[in-house]
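Coordinate inspection notes
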Amino acid sequence: MTVELLALQPDDAAYAAGLRTLGRQLVHIGVALIHRIGELDGTDLDLFALLTAPDIEPPRPNGAV
């Protein structure tokens, strides 16, 4: 996807569509990773907090770092 985006830069519409696709794929990957973390340490996925404060990590109930 990244290589395709580099080739599409002169075409704004295609570049925007490619960025949108890549962004959605990254969100899906991130949600899957956070869901798996929840399985490992017992935390719930707080989607609102994730979207509004993505750089702040909630405390873990088991004290993991």
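Our structure's up above, just so we're on the same page.
Reading the values: rules and limits
- Residues numbered from 1 in each chain as written.
- Predicted model: local features only at pLDDT ≥ 70, side-chain atom pairs only at ≥ 80, totals over all residues.
- Heavy atoms only, no water.
- Helix = DSSP H or I, 4+ residues; strand = E, 2+ residues; numbered from the N terminus.
- Buried < 20%, exposed > 50% of the residue type's maximum accessible area, 1.4 Å probe, protein only.
- Areas by Shrake-Rupley, 256 points an atom, 1.4 Å probe, with all protein chains shown as cover.
- Salt bridge = Lys/Arg side-chain N within 4 Å of Asp/Glu carboxyl O.
- Patch = residues over 30% accessible without salt bridge, like charges linked within 9 Å, V, L, I, M, F, W, Y side chains within 5 Å.
- Polar contact = N/O pair within 3.5 Å; in protein donor to acceptor, adjacent residues only side chain to side chain.
- Expected span 1.5 Å × (residues − 1).

1. Remarks on the overall build of the chain
From N to C terminus, the chain includes 3 helices and 0 strands. Beginning at the N terminus, the succession of helices and strands in the chain can be written as α-α-α. When the 65 residues of the chain are sorted by exposure, 8% land in the buried category. Counting every atom, the chain has about 5,300 Å² of accessible surface; 64% of that belongs to carbon and sulfur.

2. Some thoughts on the pattern of salt bridges
Scanning all chains against the criterion turns up 1 salt bridge. In this structure, the salt-bridge partner of R36 is E39, at a minimum N-O distance of 3.0 Å. Taken together, the positions of R36 and E39, both in helix α2 (residues 12-41) and 3 residues apart, correspond to about one turn of that helix. On the accessibility criterion, R36 (44% relative accessible area) is partly exposed. Owing to a relative accessible area of 49%, E39 belongs among the partly exposed residues under this scheme.

3. Quick notes on a nonpolar patch on the surface
A surface patch of nonpolar side chains, amounting to about 300 Å² of accessible area, comprises L26, I29 and L33. Looking at the secondary structure, you find I29 in helix α2.

4. Some thoughts on the side chain of D41
Along the chain, D41 falls in helix α2. One polar contact links D41 to T43, side chain to side chain, over a distance of 2.8 Å.

5. Some remarks on α2
The terminal C-alpha atoms of α2, which comprises 30 residues, lie 43 Å apart, in line with the 44 Å expected from a rise of 1.5 Å per residue. The set of residues buried in α2 consists of G18, L22, G38 and D41. Just beyond α2, the residue with positive phi is G42, at close to 80°.

Any link to function would need more than the numbers given here.
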